[in-house]
There are 2 protein chains.
Amino acid sequence: MGQALQERALKVIPAGMWGHQRVAAMPSGYPQFFTGGKGARVTDVDGHEYIDFMCSWGPIILGHQHPEVEEAVAARWNRGDCLNGPTDQVVELAELLVNTIPMADWAMFQKNGCDATTACVTIARAATGKRKLLLARGAYHGAVPWCSPSLVGVTAEDRAHILSFDYNNTESLAHAVAQAGDDLAAILVAPFRHDLGIRQEEPTSEFVTAIRGHCDSTGAALVLDDVRAGFRLDLGGSWEPFGVRPDLAAYSKAIANGHPLAAVVGNDRFREAAGQIFITGSFWYTGAPMAAAIATIRELQKSGGPELIQASGQRLRDGLQEQSLRHGFELTQSGPPAMPLLQFSRDHDARLGAAFCQEALSRGVYMHHRHNMFLSTAHTFEEIDKALEATDSAFSALAKKRKAYE
Amino acid sequence: MGQALQERALKVIPAGMWGHQRVAAMPSGYPQFFTGGKGARVTDVDGHEYIDFMCSWGPIILGHQHPEVEEAVAARWNRGDCLNGPTDQVVELAELLVNTIPMADWAMFQKNGCDATTACVTIARAATGKRKLLLARGAYHGAVPWCSPSLVGVTAEDRAHILSFDYNNTESLAHAVAQAGDDLAAILVAPFRHDLGIRQEEPTSEFVTAIRGHCDSTGAALVLDDVRAGFRLDLGGSWEPFGVRPDLAAYSKAIANGHPLAAVVGNDRFREAAGQIFITGSFWYTGAPMAAAIATIRELQKSGGPELIQASGQRLRDGLQEQSLRHGFELTQSGPPAMPLLQFSRDHDARLGAAFCQEALSRGVYMHHRHNMFLSTAHTFEEIDKALEATDSAFSALAKKRKAYE
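Rules behind the numbers
- Residues numbered from 1 in each chain as written.
- Chains lettered and ligands numbered in written order.
- Predicted model: local features only at pLDDT ≥ 70, side-chain atom pairs only at ≥ 80, totals over all residues.
- Heavy atoms only, no water.
- Pairing = 2+ DSSP bridges.
- Helix = DSSP H or I, 4+ residues; strand = E, 2+ residues; numbered from the N terminus.
- Least-squares fit on C-alpha atoms with pLDDT ≥ 70 in both.
- Contact = heavy atoms within 4.5 Å.
- Axes fitted to C-alpha atoms, helices over the stretch in contact; angles between N-to-C directions.
- Phe/Tyr/Trp six-rings, centres within 6.5 Å; stacked < 30°, edge-to-face > 60°.
- Buried < 20%, exposed > 50% of the residue type's maximum accessible area, 1.4 Å probe, protein only.
- Buried area = accessible area lost by both parts, 1.4 Å probe.
- Salt bridge = Lys/Arg side-chain N within 4 Å of Asp/Glu carboxyl O.
- Polar contact = N/O pair within 3.5 Å; in protein donor to acceptor, adjacent residues only side chain to side chain.

Asks: Describe the sheet that holds strand β13 (residues 365-366) of chain B, listing the residues and the values that go with them.
Replies: Ordered by their spatial adjacency, four strands build an open sheet running β1-β2-β3-β13 (chain B), and the pairing between neighbours is mixed. Two strands in the sheet have a free side with no partner beyond their single neighbour: β1 (34-38) and β13 of chain B.

Rendered as structure tokens:
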């Protein structure tokens, strides 16, 4: 059925699919269409079940079909969701975020992660009256003209006020700040380096502190793009462990366990500007995703979600490390254990990584060879151990074909 | 309760709410928070029920909580919605759009209306290798920097390649085309003039034909922004009655009866470029809104939705016209009857309009004094007649206060 759908898709969808779901971006043999999910498992349209280490590319943080979340959604749904104005959940959720995220004095909601990053940039420019935006080279902040990783259909003017620095490089950062002169509106930065296909890097404390310092001395906004990592590492914001707080932060992905929502939170310095810009969308006020977000965040608080996910991620990492050594592979595992990236040493084109993921896939484990993966609270130790059984067998099969990748 | 929510909102949401839902944009006394909807009725958090002529600002086209739509959503929901890839609904919906919209050879899906308009612009630039974009002065195409009605936080470069013309003015159009020289990527236009607070205008056949002609002679894309009107006027696209077809069209709002979805459809000339640009979002592949769209479009086809809505809108228009004359008011009703705008003559600041809407509101009818309204198939003649009873009384009350507005 997956094959037939792919053939039909090629007729009515350009290139068969768009964005990160384009088939060409996946190792061959990967399913493109899915039919269901439950806990840490997903099922493709051909009925194959997988232990899922992508979590829908981030949104699923409590496992698929989490009962409390779906109950909250259904309760809102059955009364009405998309109405002439917001439901009371918009206030309840804003209050919950303000109480959960120490830097947040207020919140606003959108649909896409890049609705939120774009809003942060607009608020920063409105508040500062300045224009320049500093971004780390290679960082992903969305797929609209000002930040898309592709330049196809994008004009030079879309990037006119963007200056770049290298992640974790304070010298390069200082140089970009100097380039901005007295026109610096914001530094927009991911909580750790999670660019596609390269080793993930935690920020150094020096780097984080330098960013805060430049923003303080210039009046620019420190914008944390917590779209991908938010709520998975620290419910208070992914830089809380550094004790460094952004002025504005963008959230989406895991905020509502798969329901479509994004959020901007900010401190009081940026409240007035946030109230002056005009951003909106037809579906930005619907209640069900907000009800889902309230249930998701409360459940994460109650269960200590980030700690659970971290422990499961560490167990997966330790298991894979032991297995790779035993089977004679050198594995680089980077990023936080909750959002791990798997790479084989000297596997510059990720061919070996793709082959490993294909072996794991055929044994019922869905992983990714170039993008960071995601774990959820549904990834219990039992599920991790089942996945490790499959990866052990995958390493073993890969070892026999090793020559093809050398 | 609405009052208490407003007070709480002011503490945790900048200006109490953002975008078109900002309280300050509504006549005083208007409810800000809602709790439910059913058919043509909505209920605010204080338990007041209204016959609803905003339809959630457009998305509700079959009435709130339409059984077939909600059943399709629940069926998808209960299996899993946000998965590692799309469900089979993405193909089914793309096929349905290609079969329903004559100009459409392919489709792609997003969340917001301006995701779709932005994608159209990017595709047009990618396909033509040109940059200039022609927009009608005052037209609304979204609330991101390149098209937002506000310039707060927006830079000059965000609008660098935009040229303007006056809607329905072929001379002004020709002038803008000439300004673009050999760099014209697209003309982006709404199917009729529905700018905020001014009399709505149907396009002249001459204007529509001129746009098509300029696009044909320059190779630019004709992009129809059918986000607001799509599926309400003509299931084949809002310019089908003119026999003029766009190259790309943007849809959202009514496509899934309130579920969050947007779509770009295009012809084969733009297929390759559409397959080359990079656009994506975390929630763009979820199945439930696509299931809702399939059910919505099929139901509109089966019931002859646009004709039903047009007939109800005409009945409302005729009734209001008769009432206004009888009560001594001069009313201008503009736009298609399915998307009517009510204005009082010589009421330049819309104070009289606001007062009328307030009188109607207190009699259980929710209308808008500056934005076009929306009807749905749930606006049966019975509901229209009930609404007209209330508006008759509203006109009567207004007549007694007339002096205050002269």
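Asks: Summarise the relation of the copies chain A and chain B; cite the residues concerned and give the values.
Replies: Overlaying chain A on chain B yields an RMSD of 0.0 Å, the required transformation being a rotation through 180 degrees with an accompanying axial translation of 0.0 Å. Given the turn and translation reported, the copies of this chain are related as if by a two-fold rotation axis. Relative to the rotation axis, the C-alpha of A:E157 is the closest in chain A, positioned 2.7 Å from it. With an isologous cut-off of 70% or more, the 99% of interface residues of chain A that recur at the interface of chain B puts this contact in the isologous class.

Asks: Let's hear about the sheet that holds strand β6 (residues 162-165) of chain B: which residues, and what values?
Replies: The strands making up a sheet are joined through hydrogen bonds of the backbone, oriented either antiparallel or parallel. Residue and element names in this part refer to chain B. Sheet architecture is open: seven strands sit in the order β4-β10-β9-β8-β7-β5-β6, paired in mixed fashion. At either margin of the open sheet sits one strand with a lone partner, and together these are β4 (106-110) and β6. The mean angle between the axes of side-by-side strands here comes to 20 degrees, regardless of whether they run parallel or antiparallel. Two elements, strand β9 (residues 248-251) and strand β10 (residues 262-266), share four bridges in a ladder whose sense is antiparallel. The residue bridging Y251 from the neighbouring strand is A263, located in β10.

Asks: Any details on the packing of aromatic side chains? Residues and values, ideally.
Replies: Residues and elements named next belong to chain A. Scanning the model with the defined rule gives 29 aromatic pairs over all chains in all. A ring pair is formed by Y30 and Y366, whose centres lie 5.1 Å apart and whose planes are at 65 degrees; its orientation type is edge-to-face. Remark: Y366 occurs in strand β13 (residues 365-366) and Y30 occurs in the loop between α1 (2-12) and β1 (34-38); sequence separation between them is 336 residues. Summarising the burial analysis for this pair, Y30 and Y366 share the class buried. Centroid distance F329 to F395: 5.9 Å. Interplanar angle 35 degrees. Geometry classified as tilted. Of this pair, F329 sits in the loop between α9 (305-326) and β11 (331-334) while F395 sits in helix α11 (residues 381-400); the two residues are 66 residues apart in sequence, bridging distant segments of the chain. F395 shares its class with F329; the two are buried. Within the aromatic cluster, the residues linked to one another by ring pairs are Y30, F34, Y50 and Y366.

Asks: Tell me what's going on with the interface of chain A and chain B, and back it up with residues and numbers.
Replies: Contacts between the two partners involve 99 residues from chain A, matched on the other side by 98 residues from chain B. Around 8300 Å² of area is buried between chain A and chain B when both sides are counted, 59% of it from carbon and sulfur atoms. At the boundary of chain A and chain B, one finds two salt bridges. With a shortest N-O distance of 2.7 Å, B:R8 and A:E95 are connected by a salt bridge. Counting across the chain A and chain B interface gives 48 residue pairs in polar contact (both at pLDDT 80 or more). At the level of secondary structure, the elements contributing two or more residues to the side of chain A that touches chain B comprise α1, β1, α2 (67-77), α3 (89-100), β4 (106-110), α4 (113-128) and α7 (271-276) of chain A.

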